[in-house]
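What follows is each chain in one-letter form.
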Amino acid sequence: YQRRVREAVVSTQSTGSSQFAFTTFVSRINMFGKYTKVIYGTAAVAGLGGILLMANGSGNASKPFPKILSTHSLVAKHVTKDKWEKLSNIKTKTSGFTLEKAIACAVQFDDQHCGIYAGDGDSYKDFAAVFDPLIQEYHGISPNAKHTSDMDVSKIRGTINPLAPVHSVRIRVGRSFNGFGLSPGITREQRLELEKLMKNALESMEGNLKGNYYPLLGMDEKIRQQLVDDHFLFVSGDRNLKAAGMERDWPEGRGIFHNKDKTFLVWVNEEDQTRIISMQKGGDVREVFARLAKGIEAVRTSVFNASGKDFLLDEKYGYIHSCPTNLGTGMRASVHIDLPGWTAEGVDKLKARCESLNLQPRGTRGESGGQTGVTYDISNKHRLGYSEVQLVQTMIDGVNTLYKEDLLLQKKHGL
């Protein structure tokens, strides 16, 4: 039996026509019908200990189902054994990414909520049986939902109350270009090519966007320290990014751009291919948003003219990012604001109130940096299912509401 199977494989490998070879292989294997079955073009040969012999003779076995440590994660819910058997041997075209690589964080760590990353745009299609229901659950969208983008600053109504104690405004988006892997899957060659395109694009900026690009590799110590002091520098060491494959070849191919006024920044090849950021002191959200829109279009136009490559934009999921939680706008519009009344009332109550306003509160040290004092980072909660204009408007209106309520809470607590 084993000899005849090997003969069938050899015949398959040596036959010129792949279609004929596959048919011949299957017909020979099926002579031993009680031992074999053909699933999705793969002959499962029980007589060889369950080894899966591929039609191309590669001998790739279906990978063992992984132990997912984050048992309450979306990965644990949506990566079933049935889906794993169908998808675990697939490699994406753009970067050769696999489902095993995609769920590395949920497998290695026990505290993930989502636990999955995409290695390229293909990942969302090739592993759609996992990504689609996971994305729908996380973002609360229907299977038939479509994303709409809108960066028209003239549609923004009003602004943040000038009396509100707002320290600064920051709006960022992620953008990825087609033809390159996303950070978890991008090859070294793709990363270097993308950095070159971005460097040329950023160094061609004009007007109030004009500035300098600083590659991380070989960075001058004085420049590095200044970027640290300005809180601009992204660094290595995040365990999730490392587990997901985003710090391969570090720091090669990464860099930071900022304009002269330090109000427009671009991170290249960090968690996303690009993070485009507009920010400034005070509470003028409209000005920050307008600069962001201008910068995004300038980057897109320059890269497209040089390479013919455009942003990865999906009808359903909007702008494509490595993390599915950022799909859609990829936008986080935030302010740093003092809320002493809400602090006295209780942080848990502030979180609940922000939830009702579709906002997300954080400490000023970032997502995992904790809270100190009375200053909070308040941002939009959603990314997908809403336009950029809608999310910025939600942030403006919500912050104004929190400020009015904070004044009442200050009186309540005798502040």
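First, a word on what this report is: a plain description of the structure on this page. (Residues numbered from 1 in each chain as written. Predicted model: local features only at pLDDT ≥ 70, side-chain atom pairs only at ≥ 80, totals over all residues. Heavy atoms only, no water.)

Here's the deal with helix 12 (residues 285-307)
Between its first and last C-alpha, helix 12 extends 33 Å over 23 residues, near the 33 Å set by a 1.5 Å rise per residue. Val285, Val288, Phe289, Arg291, Leu292, Ala293, Gly295, Ile296, Val299 and Val303 are the residues of helix 12 that are buried. Buried positions along helix 12 lie against strand 4 (166-175), helix 9 (188-202), strand 7 (264-268), strand 8 (274-281) and helix 15 (388-412). (Helix = DSSP H or I, 4+ residues; strand = E, 2+ residues; numbered from the N terminus. Expected span 1.5 Å × (residues − 1). Buried < 20%, exposed > 50% of the residue type's maximum accessible area, 1.4 Å probe, protein only. Contact = heavy atoms within 4.5 Å.)

Quick notes on the packing of helix 14 (residues 347-356) against helix 15
At their nearest, the axes of helix 14 and helix 15 sit 11 Å apart, and the two run at 145° to each other. Relative to helix 15, the crossing made by helix 14 is right-handed. Of the residues in helix 15, those touching helix 14 at Leu350, Arg353 and Cys354 are Thr401, Leu402 and Glu405. Classifying every residue of the contact of helix 14 with helix 15 gives three nonpolar, one polar and two charged. (Axes fitted to C-alpha atoms, helices over the stretch in contact; angles between N-to-C directions. Left-handed = near helix turned anticlockwise from the far one by under 90°. Nonpolar A, V, L, I, M, F, W, Y, C, P; charged D, E, K, R; others polar.)

Description of the side chain of serine 73
Among the secondary structure elements, serine 73 is positioned in the loop between strand 3 (51-54) and helix 3 (74-78). A relative accessible area of 3% places serine 73 in the buried class. Polar side-chain contacts of serine 73 include one of 3.1 Å to the backbone nitrogen of alanine 76. If we ignore the near neighbours within four places in the chain, the residues touching serine 73 are Ile68, Ala106, Gln112, His113 and Cys114. (Polar contact = N/O pair within 3.5 Å; in protein donor to acceptor, adjacent residues only side chain to side chain.)

Quick notes on the pattern of salt bridges
Tallying each qualifying case throughout the model produces 23 salt bridges. For arginine 157, the salt bridge goes to aspartate 397, with nearest N and O atoms at 4.0 Å. Here aspartate 397 lies in helix 15 and arginine 157 lies in the loop between helix 8 (128-139) and strand 4, a separation of 240 residues in the sequence. In this structure, the salt-bridge partner of aspartate 230 is lysine 262, at a minimum N-O distance of 2.7 Å. (Salt bridge = Lys/Arg side-chain N within 4 Å of Asp/Glu carboxyl O.)

So, the sheet that holds strand 6 (residues 255-259)
Pairing within the open sheet is antiparallel, and its eight strands lie in the order 5-6-7-8-4-11-13-12. With partners counted over all chains shown, the strands left at the sheet margins are strand 5 (211-215) and strand 12 (359-363), one partner each. Going from strand to strand, the sheet's axes swing by 20° on average, the running direction of each strand aside. In this structure, strand 4 lies alongside strand 11 (residues 332-338), joined through six bridges in antiparallel fashion. Pairing of serine 168 across the sheet is with histidine 336, part of strand 11. (Pairing = 2+ DSSP bridges.)

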